[in-house]
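# Working through the structure, step by step
What follows is each chain in one-letter form.
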Amino acid sequence: MFEKELEALNKSSLARTIIDRESPQGKRIIINNRQILNFSSNDYLGLANHPSIIEAVNESIKKFGFGSGASRLLAGGTRLHRELEDKISMFKGTESAIVFNSGYAANTGLMPAIAGEDDVIFSDELNHASIIDGCRLSRAKTIIYRHGDIVHLNELMRNEIAANSSSCGKFIIVTDTVFSMDGDIAPLNEIYSLCRALNSELRTPNSALLYIDDAHGTGVLGAGKGALDHFNIKSEPWIIQMGTFSKALGSFGAFAAGSKDIIAWITNTARSFVFSTALLACAAAAALRALDLIEERPELIGRLWSRRERLVSALKEIGCDTGESRTPIIPVITGSIERTISISKALFESGIYAPAIRPPSVKIPRVRLTVTAGHSEEDIDRLAEAIKKLL
Ligand SMILES: *Cc1c(COP(=O)(O)O)cnc(C)c1O
């Protein structure tokens, strides 16, 4: 079974394997007893193995134990979960928030909770796979707009309004804030204006919902507060901010933040929340401590951006194509799948881990680099030097 399918994957260099660390996540990881300089992690602030977070986790385990035992609605949650939700709503400037077990679970649970058969979703063509799956599960009509193309989005929305003047479904505009494979930022200011205009023009108020996936923006953009803050946009009752604890916050799990009513609705209807055992209390404890650290130590984010700038200018000097990257996610576009893989392999042999990303994750293969606050200037220079040699 699946022998032929696997063979086809292997032949086209698309088969992937799992890499197992023998060390904590961090700028240096140990793989097969070798120490490797790591440029693959989304642990942007170097918090995944931070002593203060480990201490918070240990304390929470002493107090609440490890397993959650049940769904949140059946007392699987703790006061830490609530505290985290309060903190997230403060951080994101919303009335309310709810935590999920992962970003994947959040998107696949949230989309069907807020969109149904009568509704229309407008989704950026490069949105994360979990959004795509969430759209499918919702059974709403899903219209894909060209990546970051506000003119196209507007045109598609106008067409839809003209074609269905009698329909009463709502519009849901959904986008990643920072795109996970290209590191570019969605034009949220323009998308926001479009949604606002629609909401004042359409018959029923709040009939256009804006749903943003801030997985890579939280802890990175807007002094850590995320993409809305970056664009100076205040939260609105018609905006839902989803994000994760699994990237810059160095923990695990995810959240949705928005109006009281939306969060109450989600609490009752998002199936990945209702029918799944609660997030581990220690994951909540870690995320809480991470949010504190971000506030107490703004130099973490400062260092992240300065390392990012250093790498991008070195790569530009070499003449690398880094696409539209504006964030610590930096694609280096190197041509065919085979060439991309061979560059990644050669880097690995020189002690640097920078994974090749290939279809179906992306259309154009690339070596995907992520810079973190944990990297030193020497680490950045070593990476740039190694890439220079190979190209
Ligand atoms: C990583 C990611 C997710 C999934 O989050 P997990 O917590 O890893 O399940 C969702 N959306 C985007 C944009 C992501 O990058």
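All residue numbers here refer to positions counted from 1 along the written sequence of the relevant chain. Only residues with pLDDT of at least 70 are given local features in this predicted model, and only at 80 or more are side-chain atom pairs given and counted; all residues enter the totals for whole chains, interfaces and linings. Side-chain figures throughout are based on the complete set of non-hydrogen atoms in the structure, without hydrogens or water.

Turning to the sheet that holds strand 10 (residues 329-332), a few remarks are in order. In spatial order, the strands read 10-13-12; together these 3 strands make up an open sheet with antiparallel pairing. Strands with a single pairing partner mark the edges of an open sheet, and in this sheet they are strand 10 and strand 12 (356-357). The pairing criterion is simple: DSSP has to find at least two bridges between the two strands. Secondary structure counts use DSSP, requiring at least four H or I residues in a row for a helix and at least two E residues in a row for a strand, with both numbered from the N terminus. Bridge analysis of strand 12 against strand 13 (residues 366-370) gives 2 bridges, and the strand direction is antiparallel. Along strand 13, the bridge assignment pairs alanine 356 with valine 367. In this analysis, two residues are considered to be in contact whenever any of their non-hydrogen atoms come within 4.5 Å of each other. Helix axes use the C-alpha atoms of the stretch in contact, all axes being lines fitted to C-alpha atoms, and the angles between their N-to-C directions lie in the range 0 to 180 degrees. Its contacts with the sheet put helix 12 (residues 299-318) on strand 10 and strand 13, and the angle it makes with strand 10 is roughly 15°.

Attention now goes to the sheet that holds strand 6 (residues 171-176). The strand order across the open sheet formed by 7 strands is 3-9-8-7-6-4-5, and the pairing between neighbours is mixed. Of all the strands in the sheet, the pair left with one neighbour each is strand 3 (96-100) and strand 5 (141-145). Each strand axis lies, on average, 20° off the axis of its neighbour in the sheet, ignoring direction. In this sheet, strand 5 lies alongside strand 4 (residues 120-124) in parallel orientation, the contact comprising 5 bridges. Each residue of the ladder has a partner; that of serine 123, found in strand 5, is isoleucine 144.

A word on the site of the ligand. Any residue with at least one heavy atom within 4 Å of a molecule or strand is counted as near it. In the vicinity of the ligand, 14 residues are found, and the nearest of them are Gly103, Asp213, His216, Ser246 and Lys247. Residue glycine 103 places a main-chain N or O atom 2.8 Å away from an oxygen atom belonging to the ligand. Distance and chemistry together define a polar contact, namely a pair of N or O atoms within 3.5 Å, with one atom able to donate a hydrogen and the other to accept it when in protein, and with adjacent residues in sequence counting only for side-chain atoms on both sides. In the environment of the ligand, a nitrogen atom lies 2.6 Å from a nitrogen or oxygen atom belonging to the side chain of aspartate 213. Shrake-Rupley sampling with a 1.4 Å probe provides the accessible areas, and residues are treated as covered by the protein chains on show and by no other component. Computed on the free molecule, the ligand has an accessible area of 380 Å², of which 85% lies beneath the protein chains in the complex. Considering every element that reaches the shell around the ligand, the biggest residue donor is helix 4 (residues 103-114), with 3 residues. Side-chain classes are defined by residue name, with Ala, Val, Leu, Ile, Met, Phe, Trp, Tyr, Cys and Pro counting as nonpolar, Asp, Glu, Lys and Arg as charged, and the others, Gly among them, as polar. Here the residues of the shell around the ligand are counted per class, giving 2 nonpolar, 9 polar and 3 charged.

With that out of the way, let us pick up the side chain of aspartate 182. Tracing the backbone shows aspartate 182 in the loop between strand 6 and helix 7 (188-201). Polar contacts involving the side chain of aspartate 182 include one to the side chain of arginine 366, which spans 3.4 Å. Among all residues touching aspartate 182, those that are not within four sequence positions of it are Leu126, Glu324, Ser325, Ile329, Pro331 and Arg366.

What follows deals with the packing of helix 6 (residues 150-163) against helix 7. Relative placement of two packed helices is described by the angle separating their axes and the distance separating the axes. In contact at an axis separation of 10 Å, helix 6 and helix 7 are set at 20° when each is read in the N-to-C sense. Here helix 6 is positioned roughly parallel relative to helix 7, judged by the angle of their axes. Relative to helix 7, helix 6 is oriented so that their crossing is right-handed. Counting all contacts with helix 6, which are made through Ile150, Leu153, Asn154, Met157, Arg158 and Ile161, the residues of helix 7 involved are Glu190, Ile191, Leu194, Leu198 and Glu201. Our angle categories are set so that under 35 degrees counts as roughly parallel, over 145 as roughly antiparallel, 65 to 115 as roughly perpendicular, and the remainder as oblique. If you view the pair so one helix is near and one far, a crossing is left-handed when the near helix is turned anticlockwise from the far one by less than a right angle, and right-handed when it is turned clockwise.

Ranked by internal contacts, the top residues of the largest apolar core, which has 89 residues, are Leu84, Phe100, Phe122, Leu153, Ile173, Tyr211 and Ile266. Here the element with the most residues in this core is helix 11 (residues 281-296); it accounts for 12 residues. Not counting residues within four places of it along the chain, the set of residues in contact with phenylalanine 100 comprises Ala105, Ala106, Leu110, Gly253, Ala254, Phe255, Ala256, Ile266, Ala270, Ser272, Phe273 and Leu279. To qualify as a nonpolar core, a set must consist of buried Ala, Val, Leu, Ile, Met, Phe, Trp, Tyr and Cys residues joined through side-chain atoms within 4.5 Å. The buried label applies to any residue whose accessible area, calculated with a 1.4 Å probe on protein chains only, is under 20% of its type's maximum; exposed applies above 50%, and partly exposed to all values in between. Phe39, Val371, Leu383 and Ala386 belong to the second largest nonpolar core, which has 20 residues in total.

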